[in-house]
Amino acid sequence: MATSGETSLICVGAIAGAFGVRGEARIKSFCAEPADIAAYSPLTTEDGSRSFTLRITRPVAGGGFAAKLGGVPTREAAEALKGVRLYAPRARMPNLPDEEYYYADLVGLDVVDTGGAPVGNVRAVAEYGAGDFLEIAVAQTGALLLVPFTRDAVPTVDLAARRVVIDPPEEITVEGEQEA
């Protein structure tokens, strides 16, 4: 699941547009079990300015769901929300097994190398399809370092200590630039 940054919100889905003519919306779920998105209702926008109850009405071809959103009475209103991400409070989310993390819990953690030297902090977790990457703001230069979020490159995540240990592949330098 994606995050909303340094807030206590977890991005659980997005509105993909209108579905049908009765005000339903197409919903893309980011939950491990896609239908679980309804269990976190009401959902909000990232800034909290809008809140929606969500009731799944049916699955749709190509993945996702058709859903009725509270306060969205027409097709036009649903279509106007296309692209809006839906968030649930972190407190409503289930606890995860060991070695699994909500991305929101990683943002802001200090980053050190395997020798314990400070590198920077986690700015975001990016999902690029081929794998997830930690976006690390390097303390000394302000550069952005992308480190694959794999066990080899990130051997330790210690939420209690608010620290991540990285051992990036050799082609990635701590300055945030890849070697030729």
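**A short note on the overall build of the chain**
Here is step 1 of the chain: Counting its secondary structure elements, the chain contains two helices and 14 strands.
Here is step 2 of the chain: If one aligns the C-alpha atoms of the chain with their principal axes, the spans along those axes are about 60 × 35 × 30 Å.
Here is step 3 of the chain: Scored against the burial criterion, the 180 residues of the chain give a buried share of 38%.
Here is step 4 of the chain: Nonlocal contacts in the chain, meaning residues at least 24 apart in sequence, comprise 49% of its contacts between residues at least 6 apart.
Here is step 5 of the chain: With an accessible surface of roughly 9800 Å², the chain has 49% of that area assigned to carbon and sulfur atoms.

**Here we look at the nonpolar core**
Here is step 1 of the chain: Of all hydrophobic cores here, the largest spans 22 residues; its most connected members are Val12, Ile27, Leu43, Leu54 and Leu69.
Here is step 2 of the chain: Mapped by element, the contributors of at least two residues to this core are β2 (9-19), β3 (24-29), β7 (65-69) and β8 (85-89).
Here is step 3 of the chain: With four residues, the single largest contributor to this core is β2.
Here is step 4 of the chain: Ranked by size, the runner-up nonpolar core spans 18 residues in total, among them Tyr103, Val111, Val157 and Val164.

**Regarding the sheet that holds strand β14 (residues 163-166)**
Here is step 1 of the chain: Spatially, β12-β11-β10-β9-β14-β13 is the arrangement adopted by the six strands of the open sheet, whose pairing is mixed. Here the strands that pair on one side only, and so sit at the sheet edges, are β12 (144-148) and β13 (156-158). Going from strand to strand, the sheet's axes swing by 35° on average, the running direction of each strand aside.

**Details of the pairing of strand β11 (residues 132-138)**
Here is step 1 of the chain: Pairing between strand β10 (residues 118-127) and β11: seven bridges, direction antiparallel. Following the sheet pairing, glutamate 127 is matched in β11 by aspartate 132.
Here is step 2 of the chain: Counting the residues that bridge the hairpin from β10 to β11 gives four residues, and of these glycine 129 lies at a positive phi of roughly 85°.
Here is step 3 of the chain: Pairing geometry for β11 and β12, over five bridges, is antiparallel. The residue of β12 that forms the bridge with phenylalanine 133 is proline 148.
Here is step 4 of the chain: The hairpin turn running from β11 into β12, its antiparallel successor, is five residues long, and glycine 142 in that turn takes a positive phi close to 80°.

About the thresholds
Residues numbered from 1 in each chain as written. Predicted model: local features only at pLDDT ≥ 70, side-chain atom pairs only at ≥ 80, totals over all residues. Heavy atoms only, no water. Helix = DSSP H or I, 4+ residues; strand = E, 2+ residues; numbered from the N terminus. Buried < 20%, exposed > 50% of the residue type's maximum accessible area, 1.4 Å probe, protein only. Contact = heavy atoms within 4.5 Å. Areas by Shrake-Rupley, 256 points an atom, 1.4 Å probe, with all protein chains shown as cover. Core = buried A, V, L, I, M, F, W, Y, C linked by side-chain atoms within 4.5 Å. Pairing = 2+ DSSP bridges. Axes fitted to C-alpha atoms, helices over the stretch in contact; angles between N-to-C directions.

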